[in-house]
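# Chain and residue survey
For reference, the chains in residue letters:
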Amino acid sequence: VGSADLDSYIDRESLNPLLFKEKISIKGKNDIVKEASYDQKQSVMTLAGVRRQVLPNTQDHLSAIFNLRRTDFDKIKDYDININTNQKNYSLKGNAECGQITLKGKVYKTVLLKASIARRDKNPYHKSTISMLLLKDEGNLPIMIKVFASGAVINVRLIETR
C-alpha cells in the first residue's frame, strides 16, 4: 500500500513550473521526499542543492499534464515535452487520437493520448509508456491514466469531481 503527494507551482505567464514537490509513502518504508526548483530563464533546475542544466520549457509531471490539458488536439496531434524532476532530461513524446465514448446513453468527446517517456540521451534502459484518456468537453480532463514503468503498471482513474 502506498500513496503519492505531488505539487507543482507554475508561472502564470509562461505556464512553466517554478517548484515541484513530491512525497511518496510506501507502507514499511521511509518516505521519499523531493523538491525541485526551476529557473527557466537560466535553463537550470535545482534538486537537493545540486544545480542541473535543463532544456527550454522543462516541465515536471504535473505541469506537463496541466499543459496537455490546455492543448487543442483538434489542431495538434503530435507532442514532445521536456521533463526533468530528477537528474536527466526526458522526453514525453506521443500523439493524440480524438474519439468519443458513450456512458449511460450520453456521448462524450474524448482524446486518447499515447506517449513514451525516454531519456533525451537515448539511454535504452530508461523508458516508460503512458496513456491518458481525456474528456474534451471538460477542458481535457484526465479520467484515466495508465503508466508502465520499471516493470510495474500504475492505473489512475478519476472517481469524482467537486
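The preceding data block contains the structure.
Here goes a summary of the coordinates provided. Since this is a predicted model, take the numbers as computed values, not measurements.

## Examining the layout of surface pockets
Approximately 1,600 Å³ is the volume found for the largest pocket. Taken together, 40 residues line the largest pocket, and the ones lying closest to its centre are L6, E22, H61, V147 and I154. Looking at the lining of the largest pocket, the elements with two or more residues in it are β1 (2-10), β2 (17-26), α1 (61-69), β7 (90-103), β9 (127-135), β10 (141-149) and β11 (152-157). With 7 residues, α1 is the single largest residue contributor to the lining of the largest pocket. Its residues assigned to classes, the lining of the largest pocket comprises 25 nonpolar, 9 polar and 6 charged. Taken as a whole, the second largest pocket holds about 190 Å³ of empty space. As for the second largest pocket, its lining consists of D80, S91, K93, S116, A118, R119, R120, K122, N123, P124 and K127. When contributions to the lining of the second largest pocket are tallied by element, the ones reaching two or more residues are β7 and β8 (106-119). Element by element, the count of residues in the lining of the second largest pocket is highest for β8, at 3 residues.

## A closer look at the sheet that holds β7
If you trace the 6 strands from one edge of the open sheet to the other, you get β6-β7-β8-β9-β10-β11, paired in antiparallel fashion. Of all strands in the sheet, those bounded by a partner on one side alone are β6 (78-83) and β11. Adjacent strand axes in the sheet meet at a mean angle of 20°, parallel and antiparallel pairs treated alike. As paired elements, β7 and β8 share 14 bridges and run antiparallel to each other.

## Quick look at the sheet that holds strand β5 (residues 50-53)
Strand order in the open sheet formed by 5 strands is β1-β2-β3-β4-β5, and the pairing between neighbours is antiparallel. The strands lining the two open edges of the sheet, one partner per strand, are β1 and β5. Each adjacent strand pair in this sheet contributes to an overall mean axis angle of 20°, direction not counted. With 6 bridges joining them, β2 and strand β3 (residues 32-39) adopt antiparallel strand pairing. Each residue of the ladder has a partner; that of K23, found in β3, is V33. Helix-sheet contacts for α1 involve β1 and β2, and the interaxial angle to β1 is about 65°.

About the criteria used
Residues numbered from 1 in each chain as written. Predicted model: local features only at pLDDT ≥ 70, side-chain atom pairs only at ≥ 80, totals over all residues. Heavy atoms only, no water. 1 Å grid on protein atoms, 1.4 Å probe; cavity = no way out; pocket = protein on both sides within 12 Å on 5 of 7 lines; lining within 4 Å. Points joined across faces, edges and corners; volume = space filled by probe spheres on them. Helix = DSSP H or I, 4+ residues; strand = E, 2+ residues; numbered from the N terminus. Nonpolar A, V, L, I, M, F, W, Y, C, P; charged D, E, K, R; others polar. Pairing = 2+ DSSP bridges. Axes fitted to C-alpha atoms, helices over the stretch in contact; angles between N-to-C directions. Contact = heavy atoms within 4.5 Å.

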